[in-house]
Amino acid sequence: MNILGISAFYHDSAAALVRDGEIVAAAQEERFTRSKNASEFPEKAIRWCLANSGLAGDQIDFVAFYDKPFLKFERLIETYFAFAPRGFTSFSKAMPLWISEKLFQKDLLLRELRAIDPALGVASKLMFSEHHLSHAASAFYPSPFENAAILTLDGVGEWSTTAAGTGRGNEINIDKEIHFPHSIGLLYAAFTYYTGFKVNADEYKVMGLAPYGEPKYVQTILDNLIDLKADGSFSVAQEYFDYCTGLTMTNPNFDRLFGGPPRRPDERITQREMDLAASIQVVTEETVLRLTRSLARETGMRNICLAGGVALNCVANGKVLRDKAFDNIWVQPAAGDAGGSIGAALVVHHMHLNKPRTVNRAVDGMKGAYLGPQFSDTETRGILDRFGARYRELDEKALYDEVTSALVEEKVVGWFQGRMEFGPRALGNRSILGDARSPRLQRELNLRIKYRESFRPFAPAVPREDVADYFELESDSPYMLQVAQVRKDRTIAMSDEQIALQGIDKLNVPRSDIPAVTHIDYSARVQTVHAETNPRFHRLLREFQARTGSSVLVNTSFNVRDEPIVCNPEDAYRCFMNCEMDVLVIGNIVLRKEDQLSPLPSTASSGDTLIPTRLLACLKQPGAPDESSLERIAGGFRCPSTGATMLDVDGIPSMLESVRKDDAAGVTEKIKAFYEENPFPSYEGVQDFGELVNRGQKNGFAQGLLDAIGHNKLILECGCGTGQMSQFLSLNNNHVLGIDLSISSLKLAVEHKLRNGLQRSAFARMNIFDLGVKDDTFDVVLSSGVLHHTKDARRAFAAIVRKAKPGGIVIVGLYNAFGRLPTLMRSKLIGVFGANIDSVVRNKIHDKRKAEIWIKDQYYNPHETWHSIDEVMQWFAENNIEYLNCYPSIVGSGGDEVGLLAPSSSGSKAARLLTQLSWLVTTSEEGALFVVSGRRKG
């Protein structure tokens, strides 16, 4: 009997295949589409489930959907009528979608299934479970218990937000429910929204932030927002919320109660957000504890199974275990909506078909959650060869020796093995690993590997048989869903000064002999690793123990912020190259980051923290022949062939020759003086490299440029401003040299580089007309926003393109002669009405000084020139550059479909004219900058 389970159309869509009651495959759609929390129909996950099991559509007996859409529609209609006339805007937005699509979801599902295989989309095969029954089934049926109490808690299903019942054999009975709009999940989501995080995605961030705060708002919440009874039942006061009928979670009443508006996502986290997180976490824990205690009394059961999004709150789960109302606790590892696909399939098998249940007490029915795709070394080699990656294949002994050595050296290792995990946690097959004994690793992993908030904790992975040696935990925790205290004999007492620290200042205080996984309250989110379910990971822990005496490793998911966990070797390689990870292990294949770069010349001088060796090898004394070189000396450079020295200026590497006499108008000096006084307003809110990366990844042009450039390149950015683009392009193992005239701008860039310990970027002061850089050296030469501030943009272009290798890429950004006209007019209006008519100042720049600099740069620069596409193409022809693309793209060229560095049509002269005329509207707000790319011919 083959049953396909599906969850979709809300968040975390997924597919699962159950064969004769055994879960044989399960995967989330996000892993295939690379769109986090994907909600669409899980076509790719279904196709994989079928292919993995070797099944066609006619071999699937039933397709089970995880909830009942018509009941959801009923709840939506009744809610809007109950709150009318409030919520008309939300109602008008929701109704067309429901009426056209979701109300007729059965037809939609059948169409999508038929598109995969006509024999799959047969109406008689399609069955629907209720949302919380799917959760309950996903928790009880795979558990190692013959009988258990069941509790499911989430935002909302059809009507239910909380459901409690029992499971016996193959039967589940739901005895109690709490209905919408009263929801502990939605209450927690409201605080997620209010503290500036993303609802249905970032609730775990609130949980991670909570220990840094004081629960000072607990009584405010209990007095005003939730009426919590002794048995755990509750009601939520709707006058503070908008989630029933509005487009936000909270309303002005909520703002008044907590003293201000919600934090914007781009604002810094303050002590207020920490205290709010601590408070809602305490209220949630108390609610869960009252519910579980009541359920224990009423059922007499000694085991409890949990599911639903709230069951991912591992701090609350740990308290349930320690509370001892139940002897044993089991939490569905995919407790959110993704797990509903498994639950729906099991409901059909056990409840509809009345098939018996087999309980495996040694290894639960989730099989360690290792239920997703796996890849052979042959498949991996093919993918890595396509990228030109350098790798080695090792036998088992050599593999474990090398990985253990890397971990002991405090290197960060990407560990990609076997079948992908199902659910939100990486459990040793799609993991990033590190030495838990390292006091610096927690910060390093967050800010330079994961690119996420510094407060986020990491989980320890420990062999099951060793867990009690490190933590106050005697039971299994294979899915990283329980928090336990670190053993007291491993903790480090804090000084009075350390105890007095507030908020994030508490972060870097070591609290135990495994500081990288010890949270500030001496707790840890534990994963027990079992030899039966993951022998390779278990062996690695044992090898590490043999070398160090410690069997604990940091285990975090193999992804960066806002990306799904990697699925295949290509995802793993891209992630490895895109962050500061040191080693990647895929099966028995090992890659080291440094091996991906071409060997340095044997004559290369050694660099330093300001100028890495690979970039130092590209430099020369301005005006000297390319055969000459430079060496880094204390406080400057020296040219061995000429004996000349060039001293750093204010700590900035400086190779600035005097301005040429033919620059008669003194434009260079004017521009230099302007930017010394007004360094471009960068680094607002991005003092951490991780924040800079996140901003760059959300910028379509910046991310598209990085993707097009690729990996392991030498990049020269001329006119780097404060260096944000240079720092961002140093991802993908690229080395980037940023040059500028302005000491003020370069100071900001170098300060950011040194503060974040960045290794592959460098900054130097140079004159663009006389660069201290060897010709034919860089894979990419980029100049966006500087050529039009020179006396002669054409000559400046000719000077920089010589620095690209034959076959290398040249990218220039200039002000457009057509699109710049609205900027000129706006500058006149700003003189009359003030800077707030500029949308960037009004919406994005909140610092008054930086807003002033933005206005000066955009509207009152002492010198700028305007250019056309045809003019740049003429420069290309004069310098033997093959045209590739333009951004924004030329009308009819197809350039927007292939990427900035891919060849496209330059279009006709008329098309180029039409394109630039359209920029009078489309690019005027950003100053009418256009970017043209080309390739230097050999």
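Refer to the preceding data block for the structure.
A brief structural summary. Remember, predicted model here, so these are calculated numbers, not experimental data.

Some details on the overall build of the protein
1) Next: If you tally the helices and strands in the protein, you get 33 helices and 32 strands.
2) Next: Over its C-alpha trace the protein gives a radius of gyration of 30 Å, about what one expects of a compact globule, namely 30 Å for 938 residues.
3) Next: Taking the principal axes of its C-alpha atoms as reference, the protein extends roughly 95 × 70 × 65 Å.
4) Next: For the protein, the residues scored as buried account for 59% of the 938 residues in total.
5) Next: Counting only carbon and sulfur atoms, one obtains 51% of the accessible surface of the protein, whose full area is about 35,300 Å².
6) Next: Placing the 106 positive and 116 negative side-chain charges of the protein at their respective mean positions leaves the two points 2 Å apart.

Digging into the pairing of strand β11 (residues 303–307)
1) Next: In terms of burial, β11 is a largely internal element, 5 of the 5 residues being buried.
2) Next: Across 4 bridges, strand β6 (residues 147–153) lies against β11 in parallel orientation. If you follow A149 over to β11, its bridge partner there is I304.
3) Next: Pairing of β11 with strand β12 (residues 328–331), which is carried by 4 bridges, proceeds in the parallel orientation. Within the sheet, the bridge partner assigned to I304 lies in β12 and is I329.
4) Next: At this point the chain moves from β11, through helix α12 (residues 314–323), to the parallel β12, and the crossover so formed is right-handed.

Brief notes about a nonpolar patch on the surface
1) Next: Together, L821, L824, M825, W866, L913, L917, L920 and V921 make up an exposed nonpolar region whose accessible area comes to about 690 Å².
2) Next: Going through the elements one at a time, α28 (821–833) and α33 (909–922) are the ones with two or more residues in the nonpolar patch.
3) Next: For the nonpolar patch, the leading source of residues is α33, giving 4 residues.
4) Next: With respect to the secondary-structure elements, L913 resides in helix α33.

Observations regarding helix α7 (residues 184–194)
An α-helical turn contains 3.6 residues, so any two residues separated by three or four positions project in the same direction.
1) Next: Of all 11 residues making up α7, 10 are buried, and the element is well covered by its neighbours.
2) Next: Along α7, the positions that sit buried rather than exposed are I184, G185, L186, L187, Y188, A189, A190, F191, T192 and Y194.
3) Next: The N-cap of α7, judged by a side-chain oxygen 3.2 Å from the amide nitrogen of G185 a few residues on, is S183.
4) Next: Positioned one or two residues after α7, G196 has a phi angle of 95°, which is positive.

With respect to the nonpolar core
1) Next: I46 and F471 are the most contacted members of the largest nonpolar core, which totals 195 residues.
2) Next: It is helix α11 (residues 271–299) that contributes the most residues to this core, 11 residues altogether.
3) Next: Setting aside its immediate chain neighbours within four residues, F471 contacts P460, V462, A484, Q485, V486, R487, I514, A524 and V526.

Re the sheet that holds strand β8 (residues 171–179)
Backbone hydrogen bonds are what pair the strands of a sheet, in a parallel or an antiparallel way.
1) Next: Taken together, the 5 strands give an open sheet; going across it, the order is β8-β7-β6-β11-β12, and neighbouring strands pair in mixed fashion. Of all the strands in the sheet, just β8 and β12 have a single pairing partner and so form its edges. Averaged over all pairs of adjacent strands, the angle between strand axes in this sheet comes to 20°, irrespective of strand direction.

Let's talk about the packing of helix α27 (residues 793–801) against helix α31 (residues 869–878)
When two helices pack together, their arrangement is captured by the angle between the axes and the distance separating the axes.
1) Next: Between α27 and α31, the shortest axis-to-axis distance is 10 Å and the interhelical angle comes to 45°. By the angle class used here, α27 and α31 are oblique. Pair α27 / α31 crosses with right-handed handedness. Contacts from A793, R794 and F797 of α27 reach α31 at W875, F876 and E878.

Re the side chain of S893
1) Next: With respect to the helices and strands, the residue S893 is situated in the loop between β31 (881–887) and α32 (895–898).
2) Next: Engagement of the side chain of S893 in a polar contact is seen with the backbone nitrogen of G895, the distance being 3.0 Å.
3) Next: When near neighbours in sequence (up to four residues on either side) are disregarded, S893 contacts S904 and S905.

Observations regarding the pattern of salt bridges
Side chains that carry opposite charge are capable of pairing whenever their charged atoms lie near each other.
1) Next: Evaluated as defined, the whole model comprises 54 salt bridges.
2) Next: The salt bridge partner of D571 is R34, with a shortest N-O separation of 3.7 Å. Within this pair, whereas D571 is found in helix α20 (residues 569–578), its partner R34 is found in the loop between α1 (30–33) and α2 (43–53), the two being separated by 537 residues in sequence.
3) Next: Exposure remark for D571: the relative accessible area of 13% places this residue in the buried category.
4) Next: Judged by its relative accessible area of 25%, R34 falls in the partly exposed class.
5) Next: Note that R536 is salt-bridged to E396, the shortest N-O span being 3.0 Å. Residue R536 is found in helix α19 (residues 535–548), and its partner E396 is found in helix α15 (residues 396–408); the two are separated by 140 residues along the sequence.
6) Next: What you see here is one network of salt bridges that share partners, running through D202, K205, E453, R456, R561 and E691.

What counts and what doesn't
- Residues numbered from 1 in each chain as written.
- Predicted model: local features only at pLDDT ≥ 70, side-chain atom pairs only at ≥ 80, totals over all residues.
- Heavy atoms only, no water.
- Helix = DSSP H or I, 4+ residues; strand = E, 2+ residues; numbered from the N terminus.
- Rg over C-alpha atoms; globule rule 2.2 N^0.38 Å.
- Buried < 20%, exposed > 50% of the residue type's maximum accessible area, 1.4 Å probe, protein only.
- Areas by Shrake-Rupley, 256 points an atom, 1.4 Å probe, with all protein chains shown as cover.
- Lys, Arg positive; Asp, Glu negative; His and termini not counted.
- Charge placed at Lys NZ, Arg CZ, Asp CG, Glu CD.
- Pairing = 2+ DSSP bridges.
- Right-handed = clockwise from strand over helix to strand, strands pointing away.
- Patch = residues over 30% accessible without salt bridge, like charges linked within 9 Å, V, L, I, M, F, W, Y side chains within 5 Å.
- Salt bridge = Lys/Arg side-chain N within 4 Å of Asp/Glu carboxyl O.
- Polar contact = N/O pair within 3.5 Å; in protein donor to acceptor, adjacent residues only side chain to side chain.
- Core = buried A, V, L, I, M, F, W, Y, C linked by side-chain atoms within 4.5 Å.
- Contact = heavy atoms within 4.5 Å.
- Axes fitted to C-alpha atoms, helices over the stretch in contact; angles between N-to-C directions.
- Parallel < 35°, antiparallel > 145°, perpendicular 65-115°, else oblique.
- Left-handed = near helix turned anticlockwise from the far one by under 90°.

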